[in-house]
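The residues making up each chain are set out below.
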Amino acid sequence: MLDVQGLHKVYEGSGRRTEAVRDLTFSVAAGELVCLVGPSGCGKTTLLKCVGGLLAPTAGEVRLAGRPVDGPPPGMAFVFQEYGRSLFPWMRVGQNVELPLKQKRLSRQRRRALVADALESVGLADAAGAYPWQLSGGMQQRVAIARALAYEPEVLLMDEPFAAVDAQTRAELEDLVRRLWRERGITILFVTHDIDEAVYLGERVLVLSASPTVVREQLKVDLPDQRDQLHTRVNPRFAELRTRVYEQVQAAKRGR
Amino acid sequence: MRGSDAALGAAGCAVFVLLGEAVPRLGLVDEDHFPPACRIAGALGRELSDTAFWSALGDTLTGWALGLAIAVSAGVVAGVVISVVPYLREVTASTIEFLRPIPSVALIPLAVLLYGTELRSVLLLVGYAAFWQVLIQVLYGVRDVDPVAEETARSYGLGGWARVRHVLWPTALPYVMTGVRLAAAVALILAVTAELVIGAPGLGARIAVAQTSQAVPEMYALIVVTGVLGLLINVGTRAVERRALAWHQSVRGEVAV
Ligand SMILES: Nc1ncnc2c1ncn2[C@@H]1O[C@H](COP(=O)(O)OP(=O)(O)OP(=O)(O)O)[C@@H](O)[C@H]1O
Ligand SMILES: [Mg+2]
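Residues numbered from 1 in each chain as written. Chains lettered and ligands numbered in written order. Predicted model: local features only at pLDDT ≥ 70, side-chain atom pairs only at ≥ 80, totals over all residues. Heavy atoms only, no water.

Chemist: Describe the environment of A130 of chain B, naming the residues involved and giving the relevant values.
Modeler: Residues and elements named next belong to chain B. Within the element layout of this structure, A130 appears in helix α6 (residues 119-143). For the pair formed by A130 and A71, sequence separation is 59 residues and the distance between their alpha carbons is 5.7 Å. Each residue touching A130, except ones within four places of it in the same chain, is listed here: L68, A71, A183 and V186. (Helix = DSSP H or I, 4+ residues; strand = E, 2+ residues; numbered from the N terminus. Contact = heavy atoms within 4.5 Å.)

Okay, structure coming up:
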């Protein structure tokens, strides 16, 4: 579904040259949920923006369903790390969710149905008339997720979407992503710096090295498909996996 | 709080009017040059019942509104184009910095040369002065676009025009509104100035006539009218601003949730 081949990205400008990503190669199968972990500043956001067609790679290639990505592809939705700034404060929640659908030229009726359905599935059915800034941080993040869902993407890119919400909300949102993924069969690439979250959510975890970034390790998460916060997290296999990822991330930070 | 503020304001006004009455009466200033408030009020009453006054008021408002409308449309279009087209901002920056500080009144000879005492003279001066107020605000406003909002729009496939309409314009709107408010005030000043100096028909020309014919109370009455006009314009633009920006931080507190 999604193929990243030899991705290399160098930021140049104002006299500074930063090699954010050295050489990344991996692929994500259709309907798979893959988590990316790596130390802060290792180029996770850069990678995701290249995959989403928002940044042009310096070298290498991203292919979506066989076609090279050279701009934001129609079947892809992005949930940004800075969700507060990603919602438009001049539009109500419903309008925020609806705007991308207008671009898709869907009928009014269809748009209404999609917006209502998406808000319903994130538990915000009655917030459609509010402005984003009238909602709490966790609710805003759910609006951003609803907007991505309503877009009916084949591929969903999520950049540390839960970094700024409290632990309780975070657990709820994690379960929400798992549920939506299972119900809708979307392909999800999920970036996080939280090791527990990566293991709990993913079918597979990719550990990135520190900058200059390469894929350090790929780990299959062989936990049962039905996961829940209480039982999965005390599963001995969960503990083994998280220890393994933890060691890799620590080693990556030390740069070995 | 609000009520007591209004009461204090009214009391201040009343004291000011009383002073305006008492000071000339006590002979502290020359009554021929500073007539007492009640004579100004009388002159104002006579003006209000004179059709010539109303047509002068109409002329001034026409010059103001047309000039402002031209300046706002031109300022918004120019501002957006300069910001959106690559390199255009850099190319135009020094020209703008040179043209902007030229006081509009310095263009009076040019206006007279081109259009004499026609309405177009007033429009030229009003338009020139108001244009920069709007343009500068639009340029600042567009610079305020959040890169995350812009990337969000791009990632959902919004094209260039859709991004101008849904991201750039709403971001710049608070600045545009400030620009329009400033431009509206400047436009009134320039409209009256043009009429006063060039003699284009309007309140300014009427003030000049009152002055040359020694009708001092009438002159003051007309000045009071221009002051009230400025006040109404300010109140009006603020109300429009509040309506248009109900979502924005600077007025958010007043939105019913
Ligand atoms: N627009 C930019 N211009 C120049 N350098 C940049 C830019 N964006 C990111 N970088 C650099 O690229 C590197 C990777 O940044 P990136 O934002 O991709 O990291 P990240 O893994 O997402 O970090 P975090 O976990 O803190 O979000 C950093 O060294 C950063 O300084
Ligand atoms: Mg990041």
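After that view, the rundown keeps rolling.
Chemist: Give a detailed account of the pairing of strand β2 (residues 16-28) of chain A, specifying residues and quantitative values.
Modeler: Residues and elements named next belong to chain A. Where strand β1 (residues 2-13) meets β2, nine bridges bridge the pair, whose relative direction is antiparallel. The residue of β2 that forms the bridge with L7 is L24. In the sheet, β2 pairs with strand β10 (residues 213-220) via two bridges, with the strands oriented parallel. Within β10, the residue paired with D23 across the bridge is V214. (Pairing = 2+ DSSP bridges.)

Chemist: Pulling in residues and values, what's your account of the packing of helix α3 (residues 51-84) of chain B against helix α8 (residues 160-198) of chain B?
Modeler: Residues and elements named next belong to chain B. Interaxial distance between α3 and α8 falls to 8 Å at its minimum, and their mutual angle equals 145°. Of the two possible hands of crossing, α3 and α8 adopt the one that is right-handed. Across the interface between the two elements, D59, T60, W64, L68, V72, V76, V80 and V84 from α3 touch V164, L168, W169, V176, V180, A183, A184, A187, L188, A191, V192 and E195 from α8. (Axes fitted to C-alpha atoms, helices over the stretch in contact; angles between N-to-C directions. Left-handed = near helix turned anticlockwise from the far one by under 90°.)

Chemist: Give a description of the site of ligand 1 that names residues and reports values.
Modeler: Residues and elements named next belong to chain A. The local shell around ligand 1 consists of Y11, T18, A20, S40, G41, C42, G43, K44, T45, T46, Q81 and E160. Within the side chain of K44, a nitrogen or oxygen atom sits 2.7 Å from an oxygen atom of ligand 1. At a separation of 2.9 Å, an oxygen atom of ligand 1 approaches a polar side-chain atom of E160. For the shell around ligand 1, the elements supplying multiple residues, two or more each, are β2 and α1 (44-51). Top element by residues in the shell around ligand 1 is α1. It accounts for three residues. (Near = heavy atom within 4 Å. Polar contact = N/O pair within 3.5 Å; in protein donor to acceptor, adjacent residues only side chain to side chain.)

Chemist: Can you tell me about a nonpolar patch on the surface, naming the residues and giving the values?
Modeler: Taken together, V77, V81 and V85 of chain B make up a surface patch of nonpolar side chains, about 220 Å² in accessible area. Within the element layout of this structure, V81 of chain B appears in helix α3. (Patch = residues over 30% accessible without salt bridge, like charges linked within 9 Å, V, L, I, M, F, W, Y side chains within 5 Å. Areas by Shrake-Rupley, 256 points an atom, 1.4 Å probe, with all protein chains shown as cover. Salt bridge = Lys/Arg side-chain N within 4 Å of Asp/Glu carboxyl O.)

Chemist: Before we move on, could you go through the packing of aromatic side chains and cite the residues and values that matter?
Modeler: The geometry of an aromatic ring pair is captured by the separation of the ring centres together with the interplanar angle, meaning the angle of the planes. Scanning the entire structure with this criterion turns up ten aromatic pairs over all chains. The ring of Y151 of chain A has K104 of chain A lying over it, and the distance from NZ or CZ to the ring centre is 4.6 Å. (Phe/Tyr/Trp six-rings, centres within 6.5 Å; stacked < 30°, edge-to-face > 60°. Lys NZ or Arg CZ within 6 Å of the ring centre and 35° of its normal.)

Chemist: A description of the nonpolar core should follow, citing residues and the corresponding values.
Modeler: Counting residues in hydrophobic clusters, the biggest one holds 120 residues, and the most contacted among them are I188, V205 and V245 of chain A. Residue contributions to this core peak at 19 residues, all from α8 of chain B. Shared between two domains, this core takes at least three residues from each, and those domains are domain 1 (2-75 + 154-254) and domain 2 (86-152) of chain A. Ignoring sequence-local partners within four residues, the contact set of I188 of chain A consists of E32, L33, V34, L156, M158, V177 and W181 of chain A. V21, C50, L189 and V191 of chain A belong to the second-largest nonpolar core, a separate cluster that totals 29 residues. (Core = buried A, V, L, I, M, F, W, Y, C linked by side-chain atoms within 4.5 Å. Buried < 20%, exposed > 50% of the residue type's maximum accessible area, 1.4 Å probe, protein only. Domains from an automatic or database assignment.)

Chemist: Describe the pairing of strand β9 (residues 204-208) of chain A, naming the residues involved and giving the relevant values.
Modeler: Residue and element names in this part refer to chain A. Counting buried residues in β9 gives five out of five residues, a clear majority hidden from the surface. The pairing of strand β3 (residues 33-37) with β9 spans four bridges and is classified as parallel. In the strand pairing of β9, C35 is matched with V205. Judged from the five bridges that link them, β9 and β10 form a sheet pairing that is antiparallel.

Chemist: Please set out the side chain of Q248 of chain A residue by residue, giving values where relevant.
Modeler: Residue and element names in this part refer to chain A. By secondary structure assignment, the location of Q248 is in helix α9 (residues 236-254). Owing to a relative accessible area of 12%, Q248 belongs among the buried residues under this scheme. With residues up to four places along the chain from it excluded, the contact list for Q248 reads V207, R216 and E217.

Chemist: So, the packing of helix α3 (residues 93-103) of chain A against helix α4 (residues 108-121) of chain A: which residues are in play, and what are the values?
Modeler: Residue and element names in this part refer to chain A. Taken N-terminus to C-terminus, the directions of α3 and α4 make an angle of 130°; their axes are 10 Å apart at the nearest point. It follows from the interaxial angle that α3 and α4 lie oblique. Of the two possible hands of crossing, α3 and α4 adopt the one that is right-handed. Contacts between α3 and α4 involve V93, G94, V97, E98, L101 and K102 from the first element and R111, L114, V115 and L119 from the second. A per-class count over the contact of α3 with α4 returns six nonpolar, one polar and three charged. (Parallel < 35°, antiparallel > 145°, perpendicular 65-115°, else oblique. Nonpolar A, V, L, I, M, F, W, Y, C, P; charged D, E, K, R; others polar.)

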